[in-house]
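# Topology and contacts: notes
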Amino acid sequence: QVQLVESGGGLVKPGGSLRLSCAASGFTFSDYYMSWIRQAPGKGLEWVSYISGSGTAINYTDSVKGRFTISRDNTENSLYLQMNSLRAEDTAVYYCARGADDLPLDYWGQGTLVTVSS
Amino acid sequence: QSALTQPPSASGSPGQSVTISCTGTSSDVGGYNYVSWYQQHPGKAPKLMIYDVSERPSGVPDRFSGSKSGNTASLTVSGLQAEDEADYYCSSYAGSNNLVFGGGTKLTVL
């Protein structure tokens, strides 16, 4: 069965960096677009970024452009999100999901909490 | 890109039907048939309930249905059950390779 397991969240100071990982199993990882979606405490969902199966197509929401970098390792069935210059407003649960902008997000991980605070 | 507009809350009694709206613009909901709906129980990850406006993934009860008219998409839950109580989010492709979500609707089963 499809499984997505995020890791790497934690407490970081403003301006700091964090790298999130998402381990995928149960499907042919390289065949699928993957996305990161976040949810601030008590708030709604916000799409952050997606990457194509080959890694050649990438996009970000405007608020993270230039600060976050999405990548994947198809040999390790893993998805990553490098987050730099973190701000308080980046505090959220970060989910990885299979799918993209015009493809349904059909499987989601359990999420990993990122807290940006001094 | 602005968030899609959903009512903050909706409610219904067991067995009744309830419809949740999701209003966007011609640049997102009205322009593409890539509207999805997600169910989220407290502390859990979202679950895909409807995609491409009205398609249901396998395993989702046929009590859940989706539709669209102009710039507004709708999710209808028929025969409400206690386990349907959750937050529901719509999403839509918004052009230029962007995805936008609605603010979410808390569905209460009375």
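Look up a bit, the structure's there.
The structure contained in this document is the topic of the report that follows. (Residues numbered from 1 in each chain as written. Chains lettered and ligands numbered in written order. Predicted model: local features only at pLDDT ≥ 70, side-chain atom pairs only at ≥ 80, totals over all residues. Heavy atoms only, no water.)

### Observations concerning the overall build of chain B
From N to C terminus, chain B includes zero helices and nine strands. Going from N to C terminus, chain B has its helices and strands arranged as β-β-β-β-β-β-β-β-β. Relative to the globule expectation of 13 Å for 110 residues, the C-alpha radius of gyration of chain B, 13 Å, shows essentially globular dimensions. Along the longest, intermediate and shortest principal axes, the C-alpha atoms of chain B span 40 × 25 × 25 Å. Scored against the burial criterion, the 110 residues of chain B give a buried share of 45%. Counted over contacts in chain B with a minimum sequence separation of 6, partners at least 24 positions apart contribute 56%. Of the roughly 4,800 Å² of accessible surface on chain B, 44% is carried by carbon and sulfur atoms. Computing the positive centroid from 6 side-chain charges and the negative centroid from 8, chain B places the two 3 Å apart. (Helix = DSSP H or I, 4+ residues; strand = E, 2+ residues; numbered from the N terminus. Rg over C-alpha atoms; globule rule 2.2 N^0.38 Å. Buried < 20%, exposed > 50% of the residue type's maximum accessible area, 1.4 Å probe, protein only. Contact = heavy atoms within 4.5 Å. Areas by Shrake-Rupley, 256 points an atom, 1.4 Å probe, with all protein chains shown as cover. Lys, Arg positive; Asp, Glu negative; His and termini not counted. Charge placed at Lys NZ, Arg CZ, Asp CG, Glu CD.)

### Details of the state of the cysteines
Within the structure shown, the criterion is met by two disulfides over all chains. Across the disulfide from Cys22(A) sits Cys96(A); the S-S distance is 2.0 Å. Between Cys22(A) and Cys96(A), the S-S torsion sits near 50°, and that sign places the bridge as right-handed. Here Cys96(A) lies in strand β9 (residues 92–98) and Cys22(A) lies in strand β3 (residues 18–25), a separation of 74 residues in the sequence. Across the disulfide from Cys22(B) sits Cys90(B); the S-S distance is 2.0 Å. Across the disulfide from Cys22(B) to Cys90(B), rotation about the S-S bond amounts to roughly 75°, and the bridge is consequently right-handed. One end of the pair, Cys22(B), is in strand β2 (residues 18–23); the other, Cys90(B), is in strand β7 (residues 86–93), with 68 residues separating them in the sequence. Taken individually, Cys22(B) and Cys90(B) each receive the classification buried, so the pair is uniform in this respect. (Disulfide = S-S within 2.5 Å.)

### A look at the sheet that holds strand β5 (residues 64–69) of chain B
Residues and elements named next belong to chain B. Here we have three strands laid out as an open sheet, ordered β2-β6-β5, and antiparallel in their pairing. Every other strand in the sheet has two partners, leaving β2 and β5 as the edge strands with one partner each. Across this sheet, the average inter-strand angle for adjacent strands is 20°, counted without regard to direction. Sheet topology note: the β2/strand β6 (residues 72–77) ladder contains six bridges and is antiparallel. Bridging across to β6, Ile20 finds its partner in Leu75. (Pairing = 2+ DSSP bridges. Axes fitted to C-alpha atoms, helices over the stretch in contact; angles between N-to-C directions.)

### Regarding the environment of Glu83(B)
Summarising the element assignment, Glu83(B) is placed in the loop between β6 and β7. Between the C-alpha atoms of Glu83(B) and His41(B), which are 42 residues apart in sequence, the distance is 9.1 Å.

### Thoughts on the pattern of salt bridges
By the definition in use, this model includes six salt bridges over all chains. What you see here is one network of salt bridges that share partners, running through Arg38(A), Glu46(A), Arg67(A) and Asp90(A). (Salt bridge = Lys/Arg side-chain N within 4 Å of Asp/Glu carboxyl O.)

### Describing the side chain of Ser74(B)
Residue and element names in this part refer to chain B. Along the chain, the position of Ser74 falls in strand β6. By relative accessible area, which is 16% here, Ser74 ends up buried. Once residues within four sequence positions are removed from consideration, Ser74 is found in contact with Thr19, Ile20, Ser21, Trp37, Ser65, Gly66 and Ser67.

### Observations regarding the packing of aromatic side chains
A full pass over the atoms with the stated rule returns ten aromatic pairs over all chains. On the basis of an interplanar angle of 75° and a centroid distance of 5.7 Å, the ring pair of Tyr95(A) and Trp108(A) is categorised as edge-to-face. Placement of Tyr95(A) in strand β9 and of Trp108(A) in strand β10 (residues 107–108) is noted, with a sequence separation of 13 residues between them. Ring centres of Trp108(A) and Tyr38(B) lie 5.5 Å apart, and the angle between their planes is 70°; on these two criteria the pair is classed as edge-to-face. (Phe/Tyr/Trp six-rings, centres within 6.5 Å; stacked < 30°, edge-to-face > 60°.)

Just distances and angles here, no functional claims.
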